[in-house]
Amino acid sequence: MILRASNLSLRFGQTIALDNAEITIDTGEIVAVMGPSGSGKSTLLHVLAGILRPDQGMVVVDNQRIDNLPDGRRSRLRLHSFGFVLQFGDLVPELSLRQNVELPLRLLDVPRAEARTRAAELLRHLEVDELADRRPGQVSGGQAQRAAVARALVHRPAVVFADEPTGALDSAAGEVVLDALTGLARKEGSAVVMVTHEARVAAYADRTVFLRDGRVTA
Ligand SMILES: Nc1ncnc2c1ncn2[C@@H]1O[C@H](COP(=O)(O)OP(=O)(O)OP(=O)(O)O)[C@@H](O)[C@H]1O
């Protein structure tokens, strides 16, 4: 088991976003999180990823409790152990696709030549190597999202968190991105926690959990 969260509760003012939510993720497992709008999906993802602190409950990643770590150590753990794919626009617009994919490795102090080789390998695997010197604004949404997948997995994170990773794409481009995300995660042994409201996206997962009013119902 790579991640275990129990008794998670979080309020925003009067709104109960999470209400005793629980989830466990096995090493390398791909899990879809579904539920109605406002059910707490994004909030759960942010708490599991150590971006938001829960009011109650705990999050354990790789046998280490992360919800009560000081901010600096949580940031470091996020950089080292997690990757992120958001709906769109989370690549750095001023950097080329190649530089975006190298970025996590450079932040982790991987030597430049090694970072370059590893980034090139993933860009080639995801068939965007010919676009590697373009900036995100100079490629299609689907191509940018494939580079985002490469960036999320380049440092072989324990868990990749994806929030509506195909929400901004048409269905054909979305399928290419989902094949890329789930295929590469399986190859690298990373777990994936993927928020979606589309059953078609959840079909790529090993398992689906449903949220309702901030509780995991199945
Ligand atoms: N920063 C915030 N401040 C106040 N309320 C918030 C905040 N973030 C989320 N909420 C509220 O918490 C609840 C859960 O929101 P969340 O974004 O997790 O739902 P969701 O299931 O991801 O929704 P959607 O499918 O529409 O993206 C909602 O009622 C939302 O309005």
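Presented here is an overview of the structure given in this document. (Residues numbered from 1 in each chain as written. Predicted model: local features only at pLDDT ≥ 70, side-chain atom pairs only at ≥ 80, totals over all residues. Heavy atoms only, no water.)

**Thoughts on the overall build of the chain**
Part 1: Of regular secondary structure, the chain possesses seven helices and 10 strands.
Part 2: Taken over the C-alpha trace, the chain has a radius of gyration of 17 Å; the compact-globule value for 218 residues is 17 Å, and the two agree within 12%.
Part 3: Taken along the three principal axes of its C-alpha coordinates, the chain extends 50 × 35 × 30 Å.
Part 4: If you take every contact in the chain between residues at least 6 apart in sequence, the share linking residues at least 24 apart comes to 71%.
Part 5: Counting every atom, the chain has about 10,100 Å² of accessible surface; 47% of that belongs to carbon and sulfur. (Helix = DSSP H or I, 4+ residues; strand = E, 2+ residues; numbered from the N terminus. Rg over C-alpha atoms; globule rule 2.2 N^0.38 Å. Contact = heavy atoms within 4.5 Å. Areas by Shrake-Rupley, 256 points an atom, 1.4 Å probe, with all protein chains shown as cover.)

**Side note on the environment of Ile-51**
Part 1: Along the chain, Ile-51 turns up in the loop between helix H1 (41-48) and strand E4 (56-61).
Part 2: With 150 residues separating them in the primary sequence, Ile-51 and Val-201 have C-alpha atoms 24 Å apart.
Part 3: Those residues in contact with Ile-51 that lie beyond four places of it in its chain are His-46, Arg-78 and Phe-84.

**Let's talk about H1**
Part 1: The element H1 is largely enclosed, with a buried count of six among its eight residues.
Part 2: Every buried residue of H1 is accounted for by Lys-41, Thr-43, Leu-44, Leu-45, Val-47 and Leu-48.
Part 3: Downstream of H1 by one or two residues, Gly-50 has phi in the positive range, about 75°. (Buried < 20%, exposed > 50% of the residue type's maximum accessible area, 1.4 Å probe, protein only.)

**Remarks on the side chain of Thr-166**
Part 1: Secondary-structure assignment places Thr-166 in the loop between strand E7 (159-163) and helix H6 (171-188).
Part 2: Residue classification places Thr-166 among the buried positions, given a relative accessible area of 3%.
Part 3: Excluding residues that lie within four positions of it along the chain, Thr-166 makes contacts with Gly-174, Val-177, Leu-178, Glu-198 and Val-201.

**Some points on helix H5 (residues 141-153)**
Part 1: A rise of 1.5 Å per residue sets the reference length of H5, with its 13 residues, at 18 Å; its end C-alpha atoms lie 19 Å apart and thus fit the reference within 8%.
Part 2: Here H5 has its buried residues at Gly-142, Ala-144, Gln-145, Arg-146, Ala-147, Ala-148, Val-149, Ala-150, Arg-151, Ala-152 and Leu-153.
Part 3: The elements touched by buried residues of H5 are strand E6 (82-85), helix H3 (97-107), helix H4 (112-125), E7 and H6. (Expected span 1.5 Å × (residues − 1).)

**Section: the sheet that holds strand E5 (residues 64-65)**
Across a sheet, strands are paired by hydrogen bonds formed along the backbone, either parallel or antiparallel in direction.
Part 1: On the basis of which strands lie adjacent, the open sheet formed by four strands has the order E2-E1-E4-E5 and antiparallel pairing. Looking at strand neighbours, the two that pair on one side only are strand E2 (15-25) and E5, the edges of this open sheet.
Part 2: Note: strand E1 (residues 3-12) against E4, five bridges, orientation antiparallel. Paired with Arg-4 across the two strands is Val-60, which belongs to E4. (Pairing = 2+ DSSP bridges.)

**Quick word on the pattern of salt bridges**
Part 1: Under the defined criterion, the tally for this structure stands at 15 salt bridges.
Part 2: Across the pair Arg-200 and Glu-198 runs a salt bridge whose closest N-O atoms are separated by 2.8 Å.
Part 3: The class of Arg-200 is partly exposed, set by a relative accessible area of 27%.
Part 4: Connected through shared salt-bridge partners, Arg-118, Glu-121, Arg-156, Lys-187 and Glu-188 make up one network. (Salt bridge = Lys/Arg side-chain N within 4 Å of Asp/Glu carboxyl O.)

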